[in-house]
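Structural features, examined
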Amino acid sequence: MSKILVVDDEKAIVDILKFNLQREGYSVITACDGEEGLQIFEKEKPDLVLLDIMMPKVDGLQVCKMIRNKYDTPIIMLTARAEEVDKVLGLELGADDFVTKPFSVRELMARVKANLRRTVLDSKDTKDVHIMAFDNMSINTDRYEVKIDDEAIALTVREYELLKFLATRKDQIFTREQLLEKVWGYEYYGDVRTVDVTIRRLREKIEDVPSKPKFILTKRGIGYYFKG
């Protein structure tokens, strides 16, 4: 049973989320502010965090940053504000997903399920692949591990899934919309910059020179592809 931490200072929101998550079979723990959320996270080590942005004591963006400094736990951020700057900043800090209030419970549950998945590829062309090697990078699909020069690299779930998806389809170009659908795992209505931000974070971790990538390349005006 997956354990989910809900951090939000609005009790009504917490109650709705807790009820629906438990109905889906998840174990749910809650916190009413960022400070308490960090304490409970360290104690409980949840499988996923639903994190509000606007909270007292420590805001959600800072909580996200502090969690991401040590862990790759999936983080879905919640906010009542729709400004794109919040979304982009949250993604820059390592959030895996972003939902604006008011949200559809059905949509949120779909996003929770999508972000809890550790792999999105089960087709016949990848089922027998265990370790993929490209120059100084290796991807171990059994252990969900990526190494550069034999050193393990800390990736978020979304970063790993995006890298694996592209790496198993070398030289195939995907638009941002296609990547949102295939990797994020649901019909996504958000800004396609979600892909750009995740690609940028990924390049910073796996490329020797992020501004001159050798693995994940850009096809100007179209999208991205992997060049192994």
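Everything numeric here is computed off the predicted structure, so don't read it as measured data.

By the definition in use, this model includes 21 salt bridges. In this structure, aspartate 171 engages lysine 227 in a salt bridge whose closest nitrogen and oxygen atoms are separated by 3.4 Å. Remark: lysine 227 occurs in the segment after β12 (223-226) and aspartate 171 occurs in the loop between α6 (157-167) and β10 (174-175); sequence separation between them is 56 residues. Judged by its relative accessible area of 43%, aspartate 171 is partly exposed. Several salt bridges converge on common partners, so that one network encompasses Asp8, Glu10, Asp52 and Lys101.

The next thing to look at is unusual backbone geometry. With omega at -5 degrees, the peptide bond leading from lysine 101 into proline 102 counts as cis. Structurally, proline 102 is set in the loop between β5 (97-100) and α5 (105-116). Its identity as a non-glycine residue notwithstanding, aspartate 149 has a phi of 50 degrees, on the positive side. On the secondary structure map, aspartate 149 appears in the loop between β8 (145-148) and β9 (151-153). What makes aspartate 149 exposed here is its relative accessible area of 54%.

This part takes up the packing of α6 against helix α7 (residues 176-183). Two numbers describe how α6 lies on α7: the axes approach to 11 Å, and their chain directions differ by 110 degrees. With respect to each other, α6 and α7 are oriented roughly perpendicular. As α6 runs across α7, the sense of the crossing is right-handed. Seen from α6, the contacting residues are Arg158, Glu161, Leu162, Phe165 and Leu166; seen from α7, they are Leu179, Lys182 and Val183.

Most of strand β1 (residues 3-7) is tucked away, with 4 of its 5 residues classed as buried. Of the strand pairs in this sheet, β1 and strand β2 (residues 27-31) are connected by 5 bridges, and their pairing is parallel. Residue pairing in the sheet places lysine 3 in a bridge with serine 27 of β2. In terms of handedness, the path from β1 via helix α1 (residues 11-23) over to β2 forms a crossover that is right-handed. The sheet contact formed by β1 and strand β3 (residues 48-52) spans 4 bridges and is parallel.

Along helix α3 (residues 60-68), the residues that are buried comprise Gly60, Leu61, Val63, Cys64, Ile67 and Arg68. Buried residues along α3 cover an arc of 160 degrees about the axis, so they all sit on one side. Between a side-chain oxygen at the N-terminus of α3 and the backbone nitrogen of leucine 61 the separation is 3.1 Å; the capping residue is aspartate 59.

Evaluation of the coordinates by the stated rule reveals 5 aromatic pairs. Between the aromatic rings of tyrosine 144 and tyrosine 160, the centroid separation amounts to 5.9 Å while the plane-to-plane angle is 80 degrees, which identifies the pairing as edge-to-face. Of the two residues, tyrosine 144 sits in the loop between β7 (137-140) and β8 while tyrosine 160 sits in helix α6, which places them 16 residues apart along the sequence. Judged by its relative accessible area of 37%, tyrosine 144 is partly exposed. In this structure tyrosine 160 comes out as buried when scored by relative accessible area, which is 5%. Connected via pairs of aromatic rings, a cluster forms that spans Phe134, Phe215 and Phe226.

Parameters and conventions
Residues numbered from 1 in each chain as written. Predicted model: local features only at pLDDT ≥ 70, side-chain atom pairs only at ≥ 80, totals over all residues. Heavy atoms only, no water. Salt bridge = Lys/Arg side-chain N within 4 Å of Asp/Glu carboxyl O. Helix = DSSP H or I, 4+ residues; strand = E, 2+ residues; numbered from the N terminus. Buried < 20%, exposed > 50% of the residue type's maximum accessible area, 1.4 Å probe, protein only. Axes fitted to C-alpha atoms, helices over the stretch in contact; angles between N-to-C directions. Parallel < 35°, antiparallel > 145°, perpendicular 65-115°, else oblique. Left-handed = near helix turned anticlockwise from the far one by under 90°. Contact = heavy atoms within 4.5 Å. Pairing = 2+ DSSP bridges. Right-handed = clockwise from strand over helix to strand, strands pointing away. Arc of directions from axis to C-beta. Polar contact = N/O pair within 3.5 Å; in protein donor to acceptor, adjacent residues only side chain to side chain. Phe/Tyr/Trp six-rings, centres within 6.5 Å; stacked < 30°, edge-to-face > 60°.

So far we have only geometry, and geometry alone does not tell us how the molecule works.
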